[in-house]
Structures are given as structure tokens and as C-alpha cells.
Amino acid sequence: MCDHYHPQSCDTPGLTESGFTRRRFLGHGLGLVSAATTVPAFLMRAGDALAADTTMRLSSKPGVPDDRVLVVVQLSGGNDGLNTVIPYGQDIYYKSRPTLGIKADQVLKVDGVDGLGLHPSLAPIQEMMQGGLACAVQGVGYPNPNRSHFSSMDIWHTADASAAGQGGRGWIGTALDSLEQPTGLDCLNIGKSAPLATLGKTSRPVSFENAQLFRWAGRDLDKQVSETYDQVHDTAVDSGSEDPLAFINRTSMDAQVASDKVRKATWAKSKTKWPGGNSLGRQLEMVAKMIRAELPTRVYYVALGGFDTHANQLNNHQRLMDQFAKAMKAFYDELEATGNRSRVVSLAFSEFGRRVRQNASAGTDHGCAGPSFVFGEHVNPGILGTHPSLTELEKGDLVFNTDFRSLYTDLLQDWMKMDAKLALGQDYPSAGILRAV
């Protein structure tokens, strides 16, 4: 198993067999990047030229603000929205959750909102709301909700409530397909596998768990393919030639430049203190460093798992809320310290909420609507929208009142200045999460 994504699977059988033919090299080599720490001078010059000309260029359409960044935070497992944005003013909440309900005097109050507040571990997000940097949108979901983790996550990823998907394409990847001059680093995912949301017809994300492992792994696997790779690099070719060797040379060098840029960016030291032992914080620290290095990446994707709290939820959920809140606060503190805070808007979502009533295992089961969070200088801060009724339920679950694709519409159309209808398949009303930007 390799540590970075490329269109041709790293796990393809036969990669380590001898007799690595030119055809197989073509098949496997194009998505690879070099692990070389030093390269011949002419390659460095050519690489610099590539970096200046294509890989690192910020350009798409006139009027499109290429320096704006979207960060997507996936909270996997189905976050309990009722214990995140808490309706402490309603008795039915405590009757439904006799041991899981958060006591009213522990709920964090939000200015201008009565009877609703935040989980006690979300103090950093309460501070961000008060500073105009965060909002929670209540009751986010979609029609005919699906309570399967996989199906519901696919619906969020494809923006298709039928779960049929758009030909295996996601909303982010489809939006990035429209870029006139893709850079190869338009979308970057911190993780082993590329999320469906990031896959387009032509757009593919770069994925890795550790930036220092974002390099060509072939040298460690097969001597023959390693020698072939070096031979291609050491062969002087006309950069404008249509010869297949020239194409391979350009492509592999382009990937090498990207790899070097990413690894160099993440070597930098952060300007602020990050929370220790925080998986989401570690991912966002890498993202902050790459934003600071002005990589041409338009969308970063990170994830925090563990929200499937069927049993003994109270302490587990508290720990997850603590990680989430501290990581987001640290991320925006670092962005401010590096002068990049105004460039970044972030969305945090989960595939569904939990049922209103707690279960017999002191946990909660799969539900439907839940809150999503949006962060950045340009959000309308506070708790937005109407909280779903706790008495008018659908099969025991909250009824959504904000379609999640309305959030996508605001992020694509108003923030990224992209064609939201093209990415989502149809128009959706604005969720009103952003001020005029």
C-alpha cells in the first residue's frame, strides 16, 4: 500500500515483478513523483520553468479570485447535532435524553439566540462566533434521508439525493473540471483515499497522509523501473515535442516539482501553537503551511472520524467536540498570523445527525438533519436558520429545513466564483451563510 493517491492504483498486481516493460511504465509511472533529493542542474532549471509556467500558476477565468481557498472538514460517523447545537430551552430535549442531555447551565450561550447554545467543549467556536469568524447552520439535510453511512456520505459527496451519483463524480471535482488552466494541485486531500467529492471527469486530487511521503515510491519497489525513470529524466528532449518520451518527461518533472513544493511547504515552522494529540489539528496545520506557501490549491479536504456514537456517547462526543473546536480555532489563528485568514472559508459537515431519543446503551442512533459549520472572515456569524422541531418528527427523526446543496451553492458561487449549477446539476437557493464578498 502506498501513501499517496494517483489514478493508477499503487496496489496494481505485478508492480514489483521483474521485467517492468515500457508499456507498464507508461501505465504506472505518470502519476508518480520523484523521491530524489537532488537532481541534475538542467532538470532543476527545467523544473523551475515548469513551476513558473504551469504547476504553480494561479490563473483561470477573468474575474475569478484564484487566491481564495475552500477547506472542507468531514466529520465522519454522523455527528450528534442535538448535543452540538443544543436546544436547552425545550423540556422535550431533556425528556428524550435523560442521561445524555447537556445541562442548561453548562451550555455555551450565543449572542442574540434564546434557548439554543453550544456544547461545553465548543468554547473555541463560541469565541470565533463572537469574533465574526464562525456560524452554525441548523437543520441541514436532504429529502428522503438515507441512514446508511456509505449512502448518505455518497449523497453529500455527489450532491445527488438519489445516491445514484453523477457518474462517479463529486461536487468539488465537477466544479474543478471547469478550470481553464488546471494546475495538478487544484485539490489536495489529507488521507489515503481520494474522497468521492473530489473526483471529477478530469480533475483528480492529490492525496497523502504525510506530506514527506508524497514522493515517488517506485524506487523502493523495483530496480528496473527506477533505472527507467532515471533514464527518462536524464534524456534531453524538446519540451514542445509530441513524442511520447517528451510527454513522459514533462509529466514526471511536473509531478516532481509539485512534490517538492508540497514537502518544502510542510517543512516550515508554524507561527502559532497547535493543540497536541489532535488528528484534525495535525491535518489543518499541514493545510495552513501549504496555504502560507501559496500553493495553487483551491480546495483542501480533511477529515475527523469517530462520530458514530451508538454507546457511551457522553465522553466520546465531548472528546470529539474538543478536538474539532480546538483544531478549527488553531487553524484560523495560524491563518491570521501568516496573513492568510481572509483567503480561507471552511465548511464542516457530517453525513447525518442522530435520532432525538437516546438509546438503551447511553448513545444515539443514526438520524437525519444536523448542523453544519462554516468558518472565515466572510461568514454571517452566529447560529443561523431555524432549529428543527423536536415534536414534529419524521419516523422519530428531525426534519431538515436547509438543503445541504444550498451551502454548496454559496461556497461555489459566492466564494469560489464558480458555476454552482454546473457542479450541482441544478439551482438551489442561497443558505445565506456568507456576507457579500
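Since the model is a prediction, treat every value here as computed from it, not as a measurement.

Rules used in this analysis
- Residues numbered from 1 in each chain as written.
- Predicted model: local features only at pLDDT ≥ 70, side-chain atom pairs only at ≥ 80, totals over all residues.
- Heavy atoms only, no water.
- Phe/Tyr/Trp six-rings, centres within 6.5 Å; stacked < 30°, edge-to-face > 60°.
- Buried < 20%, exposed > 50% of the residue type's maximum accessible area, 1.4 Å probe, protein only.
- Helix = DSSP H or I, 4+ residues; strand = E, 2+ residues; numbered from the N terminus.
- Lys NZ or Arg CZ within 6 Å of the ring centre and 35° of its normal.
- 1 Å grid on protein atoms, 1.4 Å probe; cavity = no way out; pocket = protein on both sides within 12 Å on 5 of 7 lines; lining within 4 Å.
- Points joined across faces, edges and corners; volume = space filled by probe spheres on them.
- Nonpolar A, V, L, I, M, F, W, Y, C, P; charged D, E, K, R; others polar.
- Core = buried A, V, L, I, M, F, W, Y, C linked by side-chain atoms within 4.5 Å.
- Contact = heavy atoms within 4.5 Å.
- Pairing = 2+ DSSP bridges.
- Axes fitted to C-alpha atoms, helices over the stretch in contact; angles between N-to-C directions.
- Parallel < 35°, antiparallel > 145°, perpendicular 65-115°, else oblique.
- Salt bridge = Lys/Arg side-chain N within 4 Å of Asp/Glu carboxyl O.

With that settled, consider the packing of aromatic side chains. Tallied over the entire structure, the rule returns 12 aromatic pairs. Taking 5.3 Å as the distance between ring centres and 80 degrees as the angle between the ring planes, the aromatic pair formed by Phe 331 and Tyr 332 counts as edge-to-face. By relative accessible area, which is 0% here, Phe 331 ends up buried. Judged by its relative accessible area of 1%, Tyr 332 falls in the buried class. Judged by centre distance (5.3 Å) and plane angle (85 degrees), the ring pair of Phe 404 and Tyr 408 falls under edge-to-face. With Phe 404 and Tyr 408 both in helix α11 (residues 404–415) and 4 residues apart, the pair spans about one turn of that helix. On the basis of relative accessibility, which here comes to 0%, the residue Phe 404 falls in the buried class. The class of Tyr 408 is buried, set by a relative accessible area of 1%. Among the aromatic residues, those joined into a ring-pair cluster are Tyr 142, Trp 156, Trp 171, Phe 349, Phe 404 and Tyr 408. When the ring centre of Tyr 88 is taken as reference, the NZ or CZ atom of Lys 109 above it lies at 4.8 Å.

A word on empty space enclosed by the protein. The full count for this structure, using the stated rule, is 3 cavities of 30 Å³ or more. The volume enclosed by the largest cavity comes to roughly 70 Å³. Considering the residues around the largest cavity, the lining is formed by Gly 81, Leu 82, Val 85, Gln 138, Gly 139, Ala 369, Gly 370, Pro 371, His 387, Pro 388 and Leu 398. Elements represented by at least two residues in the lining of the largest cavity include exactly β5 (134–141) and β10 (370–375). Within the lining of the largest cavity, the residues separate by chemical class into 6 nonpolar, 5 polar and no charged.

With that out of the way, let us pick up the nonpolar core. Residues Ile 125, Phe 208, Met 290, Phe 324, Phe 331, Phe 373 and Phe 375 are the most contacted members of the largest nonpolar core, which totals 55 residues. Broken down by element, this core gets its largest block of residues, 10 residues, from helix α10 (residues 313–337). When neighbours within four sequence positions are excluded, Phe 375 is seen to be in contact with Ile 125, Met 128, Leu 133, Ala 134, Phe 324, Met 328, Tyr 332, Val 344, Val 345, Ser 346 and Ala 348. With 39 residues, the next largest nonpolar core counts Trp 156, Ile 172, Leu 176 and Leu 412 among its residues.

To continue, consider the side chain of Lys 329. Relative to the helices and strands, Lys 329 is located in helix α10. Setting aside anything within four residues of it in sequence, one finds Lys 329 in contact with Pro 124, Glu 127 and Met 128.

Within a sheet, neighbouring strands are paired by backbone hydrogen bonds and run either parallel or antiparallel to one another. Read across the sheet, 3 strands follow the order β2-β4-β3 without closing on themselves; strand pairing throughout is antiparallel. Across the chains shown, the open sheet's two edge strands, defined by having one partner strand only, are β2 (85–86) and β3 (108–109). One ladder, built from 2 bridges, connects β2 with strand β4 (residues 117–118); its direction is antiparallel. Within β4, the residue paired with Val 85 across the bridge is Leu 118.

Bringing the packing of helix α4 (residues 123–130) against α10 into the picture now. Direction vectors running N to C along α4 and α10 enclose 45 degrees, while the axes themselves pass 7 Å from each other. Accordingly, the angle class assigned to the pair α4 and α10 is oblique. Facing Pro 124, Ile 125, Glu 127 and Met 128 of α4, the residues of α10 in contact are Phe 324, Ala 325, Lys 326, Met 328, Lys 329 and Tyr 332. A per-class count over the contact of α4 with α10 returns 7 nonpolar, no polar and 3 charged.

With that settled, the discussion passes to unusual backbone geometry. One non-glycine residue, Asn 144, lies in positive phi territory at about 50 degrees. Topologically, Asn 144 is positioned in the loop between β5 and α5 (149–158). One non-glycine residue, Ala 362, adopts positive backbone phi at about 60 degrees. Inspection of the secondary structure puts Ala 362 in the loop between β9 (344–349) and β10.

We now examine the pattern of salt bridges. Pairing of side chains with opposite charge becomes possible as their charged atoms draw close. Counting across every chain of the model gives 12 salt bridges. A salt bridge links Lys 329 to Glu 127, with the shortest nitrogen-to-oxygen separation between them at 3.6 Å. Highlighted residues: Lys 329 in helix α10 and Glu 127 in helix α4, separated in sequence by 202 residues. With relative accessibility at 18%, the residue Lys 329 sits in the buried group. With a shortest N-O distance of 2.7 Å, Asp 260 and Arg 263 are connected by a salt bridge. Of this pair, Asp 260 and Arg 263 are both found in helix α8 (residues 244–267), 3 residues apart, which corresponds to roughly one turn of the helix. Through salt bridges that share partners, Glu 127, Lys 329 and Asp 333 make up one connected network.

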